[in-house]
Amino acid sequence: MWLVTLESVQNFLIGKTSKYLSEKLKTEVRIDHVHLGFFNKFNISGVYVEDLQQDTLLYVGNLSIKSTDLLKTVVWKNKAIIKSIELDDIFVHLYRAHDTTYWNYDFIAEAFGVDIDRTDTTTKTIEETKKSENTNSHSGPSIGLEKVKLNNVRFYMDDAWRGEDLRFSIGELDLKSKKLDLTSNQMFIDYLGIDKADVTVLEYEGGKPEDLTPDDTTSWGTPFNPDNFALVANRIKLTESSFQYHVGTDLPLIGEFDEDHIEVSELFLDLENTRIVADTIFSDLQWLHAKERCGLTIEDLHANIKLSQVQAQLSEMALKTKHSYLADFFEMDYKNFHAYEDFLEGVTLVTKLSQSKISSLDIAYFAPILREYPITVDIDAVASGKIGDINVRDIELKTLNSHFKGHSTIVGLPDIDEARFSVLIDQLQTNGKDINQLVPQTKTSAVDWNTISSIKYSGQFSGRAMDFETKGMLATNMGNIDMNMKMNFYPLVPTYSGFVKSDGIQLGNFLKNRSLGSIALESSIDGQGFDLADLNTKVNTKIKHINFDGNNYKDLYINGFIAKRKFDGIFVSHDPNLAVNFDGKIDLSGKV
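Residues numbered from 1 in each chain as written. Predicted model: local features only at pLDDT ≥ 70, side-chain atom pairs only at ≥ 80, totals over all residues. Heavy atoms only, no water.

### Quick notes on the overall build of the protein chain
- Along its length, the protein chain carries seven helices and 28 strands.
- Per-residue burial over the protein chain gives 37% buried out of 592 residues.
- Across the protein chain, contacts joining residues at least 24 apart in sequence account for 48% of those joining residues at least 6 apart.
- A total of about 33700 Å² of accessible surface is found on the protein chain, and carbon and sulfur atoms cover 56% of it. (Helix = DSSP H or I, 4+ residues; strand = E, 2+ residues; numbered from the N terminus. Buried < 20%, exposed > 50% of the residue type's maximum accessible area, 1.4 Å probe, protein only. Contact = heavy atoms within 4.5 Å. Areas by Shrake-Rupley, 256 points an atom, 1.4 Å probe, with all protein chains shown as cover.)

### Examining the environment of Glu316
- When you line up the elements, Glu316 lands in strand E13 (residues 311-321).
- Between the C-alpha atoms of Glu316 and Phe330, which are 14 residues apart in sequence, the distance is 9.0 Å.
- In contact with Glu316, other than residues within four places in its own chain, are His302, Ala303, Asn304 and Asp328.

### Here's the deal with a negative patch on the surface
- On the surface, a cluster of negative charge is contributed by Glu210, Asp211, Asp215, Asp216, Glu341, Asp342, Glu345 and Asp389.
- Along the chain, Asp216 falls in the loop between strand E8 (186-203) and strand E9 (230-247). (Patch = residues over 30% accessible without salt bridge, like charges linked within 9 Å, V, L, I, M, F, W, Y side chains within 5 Å. Salt bridge = Lys/Arg side-chain N within 4 Å of Asp/Glu carboxyl O. Lys, Arg positive; Asp, Glu negative; His and termini not counted. Charge placed at Lys NZ, Arg CZ, Asp CG, Glu CD.)

### Description of the side chain of Glu50
- Following the sequence through the fold, Glu50 ends up in strand E2 (residues 41-50).
- Buried and unpaired, Glu50 has Arg30 as its nearest opposite-charge partner, separated by 6.7 Å.
- Leave out the neighbours within four places in its chain, and Glu50 touches Thr27, Glu28, Asp55, Leu57 and Phe107.

### Details of a nonpolar patch on the surface
- A cluster of nonpolar side chains, namely Tyr20, Phe112 and Val114, defines an oily patch on the protein surface of about 300 Å² accessible area.
- Along the chain, Tyr20 turns up in helix H1 (residues 7-25).
- Taking the relative accessible area as the measure of exposure, Tyr20 reaches 45% and is therefore partly exposed.

### A word on the pairing of strand E22 (residues 479-488)
- Here strand E21 (residues 467-476) pairs with E22 via 10 bridges, running antiparallel. The residue of E22 that forms the bridge with Asp467 is Asn488.
- Between E21 and E22, which pair antiparallel one after the other, the connecting turn spans two residues.
- Sheet analysis places E22 next to strand E23 (residues 495-506), joined by eight bridges and oriented antiparallel. Within E23, the position partnered with Met485 by the bridge is Gly498. (Pairing = 2+ DSSP bridges.)

### As for the nonpolar core
- In terms of nonpolar packing, the biggest core is built from 49 residues, with Val392, Phe510, Ile519 and Ile546 touching the most fellow members.
- The leading source of residues in this core is E22, at four residues.
- Formed by 46 residues, the second largest nonpolar core is a distinct cluster that contains Ile44, Leu192, Leu314 and Leu319. (Core = buried A, V, L, I, M, F, W, Y, C linked by side-chain atoms within 4.5 Å.)

### Looking at H1
- With 19 residues, H1 should reach 27 Å at 1.5 Å per residue; the first-to-last C-alpha distance of 26 Å fits that figure.
- Looking at H1, one finds that the buried residues are Gln10, Ile14, Ser18, Ser22 and Leu25. Down the axis of H1, the buried side of the element spans an arc of 110°, and every buried residue falls inside it. Facing away from the buried side of H1 by more than 90 degrees, the exposed set consists of Ser8, Phe12, Lys19 and Glu23.
- Against the buried residues of H1 lie strand E1 (29-37) and helix H3 (106-111).
- Phi turns positive one or two residues past the end of H1, at Lys26, with a value near 60°. (Expected span 1.5 Å × (residues − 1). Arc of directions from axis to C-beta.)

### Some points on the pattern of salt bridges
- Scanning all chains against the criterion turns up 15 salt bridges.
- A salt bridge links Asp195 to Lys196; its shortest N-O distance comes to 3.2 Å.
- On the accessibility criterion, Asp195 (19% relative accessible area) is buried.
- Between Glu418 and Arg464 there is a salt bridge whose closest N-O contact spans 3.3 Å. With Glu418 in the loop between strand E18 (402-411) and strand E19 (420-430) and Arg464 in strand E20 (residues 455-464), this pair connects stretches of sequence that are 46 residues apart.
- Judged by its relative accessible area of 42%, Glu418 is partly exposed.
- A cluster of three or more residues bridged by salt bridges with shared partners is formed by Glu28, Arg30 and Asp32.

### Comments concerning unusual backbone geometry
- Cis geometry marks the peptide bond from Leu413 to Pro414, where omega comes out at 15°.
- With a phi angle near 125°, Asp328 is a residue other than glycine that sits in the positive phi range.
- Here Asp328 lies in strand E14 (residues 325-333).
- Positive phi, normally seen in glycine, also occurs at Asp549, with a value near 55°.

Here it is in structure tokens:
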């Protein structure tokens, strides 16, 4: 027995063991050095195992374990305390080829006569799981763990049969526990630090034939913590880490978020007071920083976290990007985690934003068209529903010198071009200059928007963002208009149709015509264009009164078409001071 305590004897025995395993497995197995200090130290280094293709299956640079006296644990039933575990330079590479269910490690079990189940299953039924747990459960001495240190650990699992590769690496991991009892399901961690962690997930067409068998959903939503494992972690810290997820081999879209090509770098995470209570995880997020490939950067996120099988919640939230700031509350409700596979239909959102700012430059990563409208909007709102059918109430928006209050339902997101809005406008205040900046398509040399210093509107809005119908009362510094209009700003030349009515509005300055004064009218229009060069419009107008060149006229009727800088139609006056009954064409170009 004494000889076994000698390091030279231990390494002699390990050499014999390595040779035996190499011959048994028909591949190279090597252990460079081992030292066992009875009964509280263990060190092994230079462990190397090849698979049958002479590729590395396992490499362990160094494994060191320090513990309390294990002899006392066995004889006197004392609690075993693992003082520290240190692993350095670890590499594990599991893989199976495109045309087989055979893993590169299966030969080890076969060499020792262990039957391998070739059925490619990734889940078990509840009954199978319980049976396995009951079979493997056993009582034994209490085991505690105080420290774990990992350096340069890599784990690769490349599965060409299923078309899924997982690659995970850690530069450094440092765990210090106050109490970690592996037999009583209790873990109290003082500190867990992970530096330079990298996770890569690749999905592609595998060799496995398509399985048309419906998914076994019997275990979906079952408790993930049936044994009531208790965890308390004072602090968890992640630094200089990254995450990648790619589907297929298509190139990602530059400057746009692509759900099939997610690359998150500069990932920093700081959690305090993390707890697992039954099936729910609670934590105080002190800081999250992350940069996505498209350019979207979370500079700071802190919140109280709650995560369970049916709900993910951020309360007392504050999120800051390069251009936006979101504060208050965010929640996702779902039947179980599998709902994320169909996020648009399977996940319900509940959001409250208070004193927040949203920039179109951040939203443009998901809806590129918004890059054409670089604005920042102050927002307060409460939203609930699925992405494709969401209700937003108590909305208050402020940008430039414009202010909006109202409520809305939105159907069809995330496709901003096709999304349908139904908006109840309690109050909209703006001006001509803001309209020009917010909707550049309204810019035209035919009108002077700067003359409209005040616009107030209340009513309804329905349709797409740039193709809509609106009905309500418009009050301006030039007069008021009752309107019911359809407008489409998507074409190069905007189109419109509808009805307007005013009891008196000053249009002269707006239309750059000093001869025109106040006008009261009822008019229906249907056409396109705002510039005279683009104008192609049918008009049917009754002018109750109008001031022109200092003269007042009333009861005038216009019915016709304006196109190619000409008017073609009728103009009839019932005003005794203006006896006109015209049916023909008028050149509006100003040329003789």
